[in-house]
Amino acid sequence: MEKTNAFAAQSATSALAPFPIQRREPTARDVQIDILYCGVCHSDIHTARDEWGGTSYPCVPGHEIVGRVTKVGRDVTRFKEGDLAAVGCLVDSCRTCDNCRADLEQFCDNPRATFTYNSEDKHLGGVTFGGYSSRIVVVEDFVLRVSDKLDLAATAPLLCAGITTYSPLRKWKVGKGHKVGVVGLGGLGHMAVKFAHAFGAHVVLFTTSPGKTEDARRLGAAEVVVSKNGDEMAKHNNSFDFILDTVSAKHDLGAYLTLLKRDGAMVLVGVPPEPVPVAVFNLIMPRRQLAGSLIGGIAETQEMLDFCGDHGITCDVEMIRMDQINEAYERMLKSDVKYRFVIDMASLKS
Ligand SMILES: [Zn+2]
Ligand SMILES: [Zn+2]
């Protein structure tokens, strides 16, 4: 075991600060990765501050990880020292339950997947530590390939923000001829706009801030609707094939459900803190669907990364040093980031 530099929260109310952690020596099937970049996800804040309950401290967040392989176990076949590699929200699962065998390891129910941070660490005990660290060791099956054609820092957030939006768009077969709405232009929303546009859909962005119009168009939206404007919203009644709702603040789902046409689907990927009321008439008439989606399995995450490599798609990012993380959290809570912070992990060594 080796001492690894990291940043951790020691309690729900303490700022993140330097804290050395242990990583396991790679076992036969493990890949050791020196982390170059780690994206900063809203889940990191929720977990560091125990806003969803169940956080164990010290807590090292981070699940948008890109780095370089520095050691592999003797049975590893897909990676070698010097390769680029990525790790997302998952680092292990049972591989045998129905969900794992369906390539949906995120829903492993035997008893649950091992998430990159704040999950039971089956090797060292305690909980798993995430990417706000200089190194991570992960079993080969959960390590992903990234294209060396893409900007690596801008690739990191694909591992959560990317797959979270890619997966539902694929599951509901969004493509040419579809009118697709994206609610919210943040870390998730800006990727949803890019993917839906790349899949050939007519993309409409819903935002509360008129100031985002120009950016939304640059990212691939054909239309921008200010959601506070009832008349503007009503023009789109019964017209959407699909809406991806990325907003995690409290908001009215009914305002969007009425925009779906028959058999249209609205999928939620943001998690408002309180239960959200739904007027059921908006669903049964005319047979609309309301669903949720959580990241994606390992195979689909690789498919997404390959798609991004082939189409030159990355996230719009703002680079920070590790010691700027607490300030970055405060800015994220004010939506003051375009559109994802990424930590330059070289700053953790110095
Ligand atoms: Zn995330
Ligand atoms: Zn499983």
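Given the structure is predicted, the values throughout are model-derived calculations rather than measurements.

**Focus: the layout of surface pockets**
By volume, the second largest pocket amounts to about 320 Å³. Lining the second largest pocket we find 24 residues, and of these Arg24, Asp121, His123, Thr128 and Val137 sit closest to its centre. Secondary structure elements with two or more residues in the lining of the second largest pocket: strand E4 (21-23), strand E8 (90-92) and strand E10 (135-139). For the lining of the second largest pocket, the element with the most residues is E10, which contributes four residues. Here the lining of the second largest pocket is composed, by residue class, of nine nonpolar, eight polar and seven charged.

**A closer look at the pairing of strand E11 (residues 179-183)**
Two faces make up the sheet, and in a regular strand the side chains alternate between them. Most of E11 is tucked away, with five of its five residues classed as buried. Alternating positions in E11 separate into two faces, Lys179, Gly181 and Val183 on one and Val180 and Val182 on the other, with burial throughout. Alignment of E11 against strand E12 (residues 202-207), held across five bridges, turns out to be parallel. Bridge pairing links Val180 to Val203 in E12. With helix H5 (residues 187-198) bridging E11 and the parallel E12, this β-α-β connection has right-handed handedness.

**Regarding the coordination of the zinc ion (ligand 1)**
The protein atoms that coordinate the zinc ion (ligand 1) are Cys41 (SG), His63 (NE2) and Cys160 (SG), at distances spanning 2.0 to 2.2 Å. Spacing between the donor residues of the zinc ion (ligand 1) along the chain follows C-x21-H-x96-C. Here His63 is found in the loop between helix H1 (42-48) and strand E6 (65-72), whereas its partner Cys160 is found in the loop between helix H3 (152-155) and helix H4 (161-171), with 97 residues between them in sequence. His63 gets classed as buried once you look at its relative accessible area, which sits at 8%. Given the relative accessible area of 6%, Cys160 is considered buried.

**A few points about the packing of aromatic side chains**
As enumerated under the stated definition, the model contains nine aromatic pairs in all. Measuring from ring centre to ring centre gives 5.6 Å for Tyr166 and Phe199, while their planes differ by 75 degrees; the resulting arrangement is edge-to-face. With Tyr166 in helix H4 and Phe199 in the loop between H5 and E12, the pair connects residues that are 33 residues apart, well separated along the chain. Classification of Tyr166 by relative accessible area gives buried; the value is 0%. Residue Phe199 is classed as buried on the basis of its relative accessible area, which comes to 8%. Measuring from ring centre to ring centre gives 6.2 Å for Phe195 and Phe199, while their planes differ by 20 degrees; the resulting arrangement is stacked. The two residues Phe195 and Phe199 agree in class, both being buried. Each residue in the set Tyr166, Phe195, Phe199 and Phe307 is aromatic and connected to the rest through ring pairs, giving one cluster. Between the NZ or CZ atom of Arg145 and the centre of the ring of Phe79, over which it lies, the distance is 4.5 Å. The side chain of Lys179 reaches across the aromatic face of Phe240, ending 4.6 Å from its centre.

**Some points on the coordination of the zinc ion (ligand 2)**
Distances from the zinc ion (ligand 2) to its protein donors, Cys94 (SG), Cys97 (SG), Cys100 (SG) and Cys108 (SG), fall at 2.3 to 2.4 Å. With four donor atoms in place around the zinc ion (ligand 2) and angles of 105 to 116 degrees between them, the coordination shape is tetrahedral. In the primary structure, the donors to the zinc ion (ligand 2) are separated according to the pattern C-x2-C-x2-C-x7-C. Placement of Cys94 in the loop between E8 and helix H2 (98-101) and of Cys108 in the loop between H2 and strand E9 (114-115) is noted, with a sequence separation of 14 residues between them.

Conventions we followed
- Residues numbered from 1 in each chain as written.
- Chains lettered and ligands numbered in written order.
- Predicted model: local features only at pLDDT ≥ 70, side-chain atom pairs only at ≥ 80, totals over all residues.
- Heavy atoms only, no water.
- 1 Å grid on protein atoms, 1.4 Å probe; cavity = no way out; pocket = protein on both sides within 12 Å on 5 of 7 lines; lining within 4 Å.
- Points joined across faces, edges and corners; volume = space filled by probe spheres on them.
- Helix = DSSP H or I, 4+ residues; strand = E, 2+ residues; numbered from the N terminus.
- Nonpolar A, V, L, I, M, F, W, Y, C, P; charged D, E, K, R; others polar.
- Buried < 20%, exposed > 50% of the residue type's maximum accessible area, 1.4 Å probe, protein only.
- Pairing = 2+ DSSP bridges.
- Right-handed = clockwise from strand over helix to strand, strands pointing away.
- Donors = N, O, S within 2.8 Å, 3.2 Å for Na, K, Ca; no water.
- Phe/Tyr/Trp six-rings, centres within 6.5 Å; stacked < 30°, edge-to-face > 60°.
- Lys NZ or Arg CZ within 6 Å of the ring centre and 35° of its normal.
- Tetrahedral: all angles 85-135°; square planar, octahedral: opposite > 155°, others 65-115°.

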